[in-house]
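One-letter residues, chain by chain:
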Amino acid sequence: MAFPAFPTAPPPEETAPAPVMFNQPPPGHWPLRAALLLVWGAVSFGVCYHARTLQFSVAGWPFGYWMAAQGALLVFIVLVVIYAVVLNRAERKAQAA
């Protein structure tokens, strides 16, 4: 029962929107993603958290400062490149089959 001041909504149209196709990675690569995320987490949080205890020098700078300023970013870039190379190979292999 509808209130007199509020008319009922029109019936929904029967046409459904077209499905959206997403480019999803192959489902078998979750161990690689998990391993890369663990490495990223260990480098980003672990090394930066313990930066003061890392007392040796790299190129004249303390290793802890170097890892906090540059090393974590470089490791992240390397991890992205590794993931991209592995998935490109998997996609080429899937297209060839």
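Definitions and limits used
Within every chain, residues take consecutive numbers counted from 1 along the sequence as written. Whole-chain, interface and lining totals are the exception, using all residues; otherwise, since this is a predicted model, local features are given only for residues with pLDDT of at least 70 and side-chain atom pairs are given and counted only at 80 or more. Processing note: side-chain calculations cover all non-hydrogen atoms of the structure and skip hydrogens and water entirely. In DSSP terms, a helix is any run of H or I states spanning at least four residues, a strand is any run of E spanning at least two, and both are numbered starting from the N terminus. By definition, residues are in contact when any of their heavy atoms lie within 4.5 Å. Only the six-membered ring of Trp is used, alongside the rings of Phe and Tyr, when aromatic pairs are assigned; centres must lie within 6.5 Å, and planes under 30 degrees apart are stacked while those over 60 apart are edge-to-face, with the rest tilted. For every residue, the accessible area (1.4 Å probe, protein chains only) is compared with the maximum for its type, and the residue is labelled buried under 20%, exposed over 50%, or partly exposed between those bounds.

J.: With reference to specific residues and values, describe the overall build of the chain.
T.: For the chain, the count of helices and strands is 2 helices and 2 strands. Counting only contacts in the chain whose residues sit at least 6 apart along the sequence, the fraction spanning at least 24 positions is 60%.

J.: Break down the packing of aromatic side chains for me, with residues and values.
T.: Counting across every chain of the model gives 2 aromatic pairs. Between Trp40 and Phe45, the aromatic rings sit 6.1 Å apart at their centres with planes inclined by 70 degrees, giving edge-to-face as the arrangement. For Phe45, a relative accessible area of 57% puts it in the exposed group. Arranged with centres 6.4 Å apart and planes meeting at 55 degrees, the rings of Trp40 and Phe76 form a pair that is tilted. A residue pair is termed long-range when its members are at least 10 positions apart, and Trp40 in helix α1 (residues 30-49) and Phe76 in helix α2 (residues 63-96) qualify at 36 residues. Cluster of aromatic residues (ring-pair linked, three or more members): Trp40, Phe45 and Phe76.

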